[in-house]
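Okay, here's what each chain looks like letter by letter:
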Amino acid sequence: MSKLVCYFTKAYSTGSASSPLSAATIERRTPTATDVQIQILYCGVCHSDLHFARNEWAFTQYPAVPGHEIVGRVTAVGSGVKKFKVGETVGVGCLVDSCRTCPDCRSGLEQFCAGMVMTYGSMDEHLNAPTLGGYAQSIVVTEDFVLRIPANLNLASAAPLLCAGITTYSPMRHWKVGPGQKVGIVGLGGLGHMGVKFARAFGAHVVLFTTSPNKVADAKRLGAHEVVVSTDADQMAAQAGSFDFILDAVSATHDINAYLNLLKHDGNLVLVGAPEKPLPVAAFPLLFRRRSLSGSLIGGLPETQEMLDFCGTHNITSDVEMIRMDQINDAYERMLKSDVKYRFVIDMATLT
Ligand code: NAP
Ligand code: ZN
Ligand code: ZN
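All chains use their own residue numbering, which begins from 1 and follows the written sequence. Going through the entries in the order they are written, you letter the chains from A and number the ligands from 1. Local features in this predicted model are restricted to residues whose pLDDT is 70 or higher, and side-chain atom pairs enter the listing and the counts only when it is 80 or higher, whereas totals over whole chains, interfaces and linings include all residues. Hydrogens and water molecules were not included; the side-chain quantities draw on all heavy atoms of the structure.

## With respect to the site of ligand 1
Proximity is defined per residue: if any heavy atom of the residue lies within 4 Å of a molecule or strand, that residue is considered near it. Residues in contact with ligand 1 amount to 31 residues; listed here are only the nearest, Thr210, Thr211, Ser212, Lys215 and Arg343. With respect to ligand 1, the side chain of histidine 51 contributes an N or O atom lying 2.8 Å from an oxygen atom. Coverage of ligand 1 by the protein chains reaches 90% of its 920 Å² of free accessible surface. The element that contributes the greatest number of residues to the shell around ligand 1 is helix 1 (residues 47-53), accounting for 3 residues. Here the residues of the shell around ligand 1 are counted per class, giving 13 nonpolar, 16 polar and 2 charged. For the domains described, the bounds stem from an automatic or database domain assignment. Split by domain, the residues of the shell around ligand 1 number at least three in each of domain 1 (6-163 + 299-351) and domain 2 (164-295). Polar contacts, as counted here, are pairs of nitrogen or oxygen atoms within 3.5 Å of one another; within protein the pair requires one atom able to donate a hydrogen and one able to accept it, and residues that are adjacent in sequence qualify only if both atoms are side-chain atoms. In short, Shrake-Rupley with a 1.4 Å probe defines the accessible areas, and a residue's cover is counted only from the protein chains shown. Strands are runs of DSSP state E lasting at least 2 residues, helices are runs of H or I lasting at least 4, and numbering of each runs from the N terminus. All residues other than Ala, Val, Leu, Ile, Met, Phe, Trp, Tyr, Cys, Pro, Asp, Glu, Lys and Arg, Gly among them, are scored as polar; the first ten of these are nonpolar and the last four charged.

## Here's the deal with the coordination of the zinc ion (ligand 2)
Taken together, the protein donors to the zinc ion (ligand 2) comprise Cys46 (SG), His68 (NE2) and Cys163 (SG), at separations of 2.0 to 2.2 Å. Each donor residue of the zinc ion (ligand 2) lies on the same chain, and together they follow the pattern C-x21-H-x94-C. Of this pair, cysteine 46 sits in the loop between strand 3 (35-44) and helix 1 while histidine 68 is found in the loop between helix 1 and strand 4 (70-77), placing the two residues 22 residues apart along the sequence. Taken as a pair, cysteine 46 and histidine 68 share a single burial class, namely buried. As a rule, N, O and S atoms within 2.8 Å of a metal are its donors, except that Na, K and Ca use 3.2 Å; water is not among the atoms, so sites may look incomplete. Three exposure classes are used, based on accessible area relative to the maximum for each residue type with a 1.4 Å probe and protein chains only: buried under 20%, partly exposed in between, and exposed over 50%.

## Description of the layout of surface pockets
In this structure, the second largest pocket spans a volume of roughly 480 Å³. For each structure, a 1 Å grid was placed over the protein atoms alone; sets of points admitting a 1.4 Å probe that cannot get out are labelled cavities, open sets with protein on both sides within 12 Å along at least five of seven lines are labelled pockets, and lining residues have an atom within 4 Å of a point. What lines the second largest pocket is a set of 29 residues, among which Asp124, Leu127, Pro130, Thr131 and Leu132 lie closest to the centre. Among the secondary structure elements, those contributing two or more residues to the lining of the second largest pocket are strand 2 (22-29), strand 6 (95-97), strand 8 (123-124), strand 9 (129-130) and strand 10 (138-142). For the lining of the second largest pocket, the element with the most residues is strand 2, which contributes 6 residues. Along the lines of polarity and charge, the residues of the lining of the second largest pocket split into 14 nonpolar, 8 polar and 7 charged. Grid points are joined across faces, edges and corners, and a volume is the space filled by probe spheres set on the points.

## Points about the pattern of salt bridges
We define a salt bridge as a side-chain nitrogen of Lys or Arg found within 4 Å of a carboxyl oxygen belonging to Asp or Glu. Throughout the structure, instances matching the rule amount to 17 salt bridges. Between glutamate 69 and arginine 343 there is a salt bridge whose closest N-O contact spans 2.8 Å. Here arginine 343 lies in strand 19 (residues 343-347) and glutamate 69 lies in the loop between helix 1 and strand 4, a separation of 274 residues in the sequence. Each member of the pair, glutamate 69 together with arginine 343, is buried. With its nearest N and O atoms 3.1 Å apart, the salt bridge here joins lysine 83 to aspartate 144. Here the residue lysine 83 occupies a position in the loop between strand 4 and strand 5 (89-92), and aspartate 144 occupies one in the loop between strand 10 and strand 11 (147-148), the gap between them amounting to 61 residues. Looking at lysine 83, the relative accessible area reads 39%, which means it is partly exposed.

Functional significance is not addressed by these values, which are geometric in nature.
This is how it looks when you write it as structure tokens:
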């Protein structure tokens, strides 16, 4: 495909796995007939941004611009755009396109499409270059991958819904988390704190597992009925064999067998965390009690809109800590120390 007309926008990018992020100028395509151009107001900081910036998943191409929890204002629309108008506030999550024709796309599961285009780190057919994410002043996205943000939600606090929100909402909907179930959430970070909020909103009995004793009070305020400090063997033993469903949102190496042992018979542990290194799985915790280990990846476009609308109705947003763009490298270091309450969000007005 020939290269389209482009414009330049300011961004924060990194040139290698070991370089800090720094100011840069990047190209975006000028909107085509079906495109929406968005001035980015806020962008959440997902741990995936850090894994990607540092090439921990071994597919990063540089220069790389992370960021896939984007909210902003529409500044231009192509002549064929029907769903959005200039001035509206909108969101963009982890996907910016897909093949549109495969069975997964036709059933609204674009995240499983072999041709899905991620907001960063995929091939951008328009520019013949890797896609660049939301640590930037603007982005251009085809209208079918732009989402509506309910008007009652605070925009900065809504940004993390675009990844942390849908990634925790989708598996709990798929496996029908609800009243009468005991649900565990492992790790009180960006994903975990949204998991606590959704599990509580769906009517489950919610138990949060944390390695950080200083998060116990917050976890209860966020909706957990019980909090277990996972480094305390007695507290863990007291929960053995009692869970219907556990959502594991841990970003680093940890012992998942300890959590498999907490499931009832036929219980399910869903991994959404994506640590750099493989996690060893022992056979016996799965064999005994016929337990399942599964995984889940973000969510499709229809379900992401459903999740945003659910958040509008139930007034659910993320607890955020606002940062300036030039604080991003410190924010990464704090995220690695599990020191974020509970999602950093970049105020993009500070990218000047
Ligand atoms: P985060 O905000 O950094 O939270 C991770 C939490 O994990 C920490 O706050 C900490 O919670 C816990 N933790 C960290 N290191 C640990 C260790 N060594 N042992 C045990 N617990 C530890 O990260 P996030 O943005 O929520 O992302 C979490 C993971 O999900 C990342 O790997 C990310 O790439 C992945 N992710 C996956 C999807 C998907 O579609 N599946 C989407 C988005 C993100 P405590 O202090 O409470 O222990
Ligand atoms: Zn993410
Ligand atoms: Zn497809």
